[in-house]
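# Coordinate inspection notes
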Amino acid sequence: MRVRFAPSPTGALHIGGARTALYNWLLARQSGGAFVLRIEDTDRERSTPENVEQIYDALRWLELEWDEGPFSQAQRRPRHEEEIQRLQAEGHAYLDEGAVRLRVPDEGATTVQDVIRGEVVFEHAAIDDFVIARSDGSPLYNLAVAVDDRDMGITHVVRGADHLSNTPRQLLILRALGAEPPVYAHLPLLHGTDGKKLSKRHGAASVQELREAGYLPEAVCNYIALLGWGYDESTEFFTTEELVERFSLERVSKSPAVFDEQKLRWMNGHYLRRLEPGELRDRLEALLGRPIPEAAVAVAQEKMQTLTDFWRLAAFLVEPQPLDERAWEKVMTDGAPDRLRRAREAIASAEPFEPETLETALRSVVDELGVKPRDVYQPVRVAISGTTVSPGIFESVAALGREEALARIDRALDRAGA
RNA sequence: GGGGGCGUGGUCUAGUGGUUAGGACGCCGGCCUUUCAAGCCGGAGGACACGGGUUCGAUCCCCGUCGCCCCUACCA
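Residues numbered from 1 in each chain as written. Chains lettered and ligands numbered in written order. Predicted model: local features only at pLDDT ≥ 70, side-chain atom pairs only at ≥ 80, totals over all residues. Heavy atoms only, no water.

## Comments concerning the overall build of chain A
Spelled out, the test is: Every helix listed is a DSSP run of H or I at least four residues long, and every strand listed is a run of E at least two residues long, numbered separately from the N terminus. The cut-offs for exposure are 20% and 50% of the maximum accessible area for each residue type, with area from a 1.4 Å probe on protein chains only; residues under the lower value are buried, those over the upper are exposed, and the others partly exposed. Note on definitions: a residue-residue contact is assigned when non-hydrogen atoms from the two residues lie within 4.5 Å. Exposure was quantified through the Shrake-Rupley algorithm and a 1.4 Å probe, taking into account, for residues, occlusion by the shown protein chains and nothing else.
For chain A, the count of helices and strands is 18 helices and 12 strands. Across its three principal directions, the C-alpha atoms of chain A cover 100 × 45 × 35 Å. The buried share of chain A, taken over its 418 residues, is 49%. Counting contacts in chain A only where the partners sit at least 6 residues apart, residues at least 24 apart contribute 72% of the total. When the accessible surface of chain A is totalled, it reaches about 19500 Å², and 47% of it is carbon and sulfur.

Pasting the structure below:
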């Protein structure tokens, strides 16, 4: 199979485009064929180098490497003009007020054989003689696509369903050109929560936004693969290899899907928890642009759903955070300073300085004082994290190190006037 | 207006001429427990868009209606 991904560079690549690219890439890998990248940049107003770079950037991040290209459709203009001339010379197209129109038969119909939708029939009566070249001679979309797909030997055109209605036009051009049409597969559109086709205007999630929000590329691929495709009745997680092996156009659904970030978060959390702490730290450092202690990473890992959650969860392990006054008021009640002082002694003498020994030491304080565990743990938590909510207290104290933990507790004791 | 596509809980989906219509996210509750998550367990939530057929029987087959979306540009 020779497939292609042919985005028009209108800005950041959104998840609809990413899914189209993924499906094409999967088919190429599965069949041992080629994945061709072609930039549909004939509309020069929208096609800025920055926009084109964003597409490369998104594909690279998702690790959907292309085998051929990137080709610029605009640069192929001589070829398009050549074919426009030929169509005119052979009577398939004609000049109309300077523009060139394709002659569409009045009778009959053109049938699209779509792998996903079956036969779709378009009566010619409903298709006007459409323009294939502007009066300034520049080729238009349908012409350029048909010529490029043919020239590039594309065997399967897999794209969004928004192109289904354009397909008979491309088929008509191909036929006039005397070319064999490719196999078509029109994917269900991705809609925004408002039910409309996803686009920049709808604030559609772009690939770069997802990256900045702390999603992992493998989780994003897994999630978007499921938007319009299902393997069986219950499997949700697929490695890239499994996707390559199991994906098939026949199982792609026909109805539009809505992007659900909640589910992506859930899935991303699974991927995050599966990472080795060292690997997770590398990714965090790459995203946050600063060194992160691995001990802090390990502590936060079990609660994170996105990489950016790390900061919310474990910033206090990297550097002291502002004290939450309400947390302080809530926890530092009568007797709390005293319990905190006892906890300090236990922490000071725990040996070795590990979660297990800290747990033993702090539990014995709880037992000796005859109070509830939270009466001891929450003051410690507020002292070291500044809030009432944090990862496991023993892990957190261990990750902080004895010296820093004690320093923070002393500061809290000072504040309490104890 | 014309043409085309689509229609299974809020969302993503599985599924078949006879099933208690399956799974997942989310939601609710419980367990765990030092907080919040995670994890585990349980629960609520669907007349399979609607109306006609065909059939002993339709979510599934046929027709119609409605709804939504796409195309209908000298945009892509």
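## A look at the side chain of S385
Stated formally: Whenever two N or O atoms come within 3.5 Å, that pair is a polar contact, provided that in protein one can donate a hydrogen and the other can accept it, and provided that, for residues adjacent in sequence, both atoms are side-chain atoms.
Mapped onto the secondary structure, S385 falls in helix α16 (residues 373-385). Judged by its relative accessible area of 5%, S385 falls in the buried class. Here the side chain of S385 touches R381 through a polar contact of 2.7 Å, landing on its backbone oxygen. Of the polar contacts made by the side chain of S385, one reaches the backbone oxygen of T387; its length is 3.0 Å.

## Side note on the packing of helix α11 (residues 294-301) against helix α17 (residues 393-400)
Rules: What counts as an axis is a line fitted to C-alpha atoms, over the stretch in contact for a helix, and the angles between N-to-C directions run from 0 to 180 degrees. Working definition: roughly parallel below 35 degrees, roughly antiparallel above 145 degrees, roughly perpendicular at 65 to 115 degrees, and oblique for all remaining angles. Ten residues, namely Ala, Val, Leu, Ile, Met, Phe, Trp, Tyr, Cys and Pro, are considered nonpolar, four, namely Asp, Glu, Lys and Arg, are considered charged, and the remaining ones, Gly among them, are considered polar.
Between α11 and α17, whose axes approach to 9 Å, the crossing angle comes to 170 degrees. By the criterion of interaxial angle, the relationship of α11 to α17 is roughly antiparallel. Between α11, through A295, A296 and V299, and α17, the contact on the second element is made entirely by E395, S396 and A399. Taken together, the residues that form the contact of α11 with α17 break down as four nonpolar, one polar and one charged.

## Structural notes on the sheet that holds strand β5 (residues 99-102)
Rule in force here: Paired strands are those between which DSSP finds at least two bridges.
Read across the sheet, three strands follow the order β4-β5-β8 without closing on themselves; strand pairing throughout is antiparallel. Each having just a single partner strand, β4 (93-96) and β8 (131-133) make up the two edges of the open sheet. For this sheet, the mean inter-axis angle between neighbouring strands, taken without regard to orientation, is 45 degrees.

## Details of the packing of aromatic side chains
To keep it simple, the criterion reads: For this analysis, a ring pair means two rings from Phe, Tyr or Trp (six-membered ring only for Trp) whose centres lie within 6.5 Å, classed as stacked if their planes differ by under 30 degrees, edge-to-face if by over 60, and tilted for the remaining angles.
As enumerated under the stated definition, the model contains 11 aromatic pairs in all. Their ring planes at 40 degrees and their centres at 4.5 Å tell us that Y23 and F247 sit as a pair that is tilted. Highlighted residues: Y23 in helix α1 (residues 15-31) and F247 in the loop between α8 (240-246) and β12 (257-258), separated in sequence by 224 residues. A residue is classified by how much of its surface remains accessible, and Y23, at 0% relative accessible area, is buried. Where F237 meets Y271, the ring centres are 6.0 Å apart and the plane angle is 50 degrees; that geometry is what we call tilted. In this pair, F237 is assigned in the loop between α7 (217-225) and α8 and Y271 in helix α9 (residues 261-274), connecting sequence segments 34 residues apart. F237 sits in the partly exposed class, given a relative accessible area of 22%. Grouped by ring-pair contacts, the aromatic residues Y23, W229, Y231, F238 and F247 constitute a single cluster.

## Some thoughts on the domain arrangement of chain A
The line we're drawing: Those domain boundaries reflect an automatic or database domain assignment.
The domains assigned to chain A are domain 1 (2-190), domain 2 (275-317) and domain 3 (325-416). Averaged C-alpha coordinates put domain 1 and domain 2 at centres separated by 43 Å.

## A word on the pairing of strand β1 (residues 2-5)
So the rule is basically this: The handedness rule is simple: strands pointing away from the viewer, and a clockwise path from the first strand over the helix to the second, make the crossover right-handed.
Here four bridges tie β1 to strand β2 (residues 34-39), and the two strands are oriented parallel to one another. The partner of R2 across the bridge, within β2, is A34. With α1 bridging β1 and its parallel neighbour β2, the resulting β-α-β unit is right-handed.

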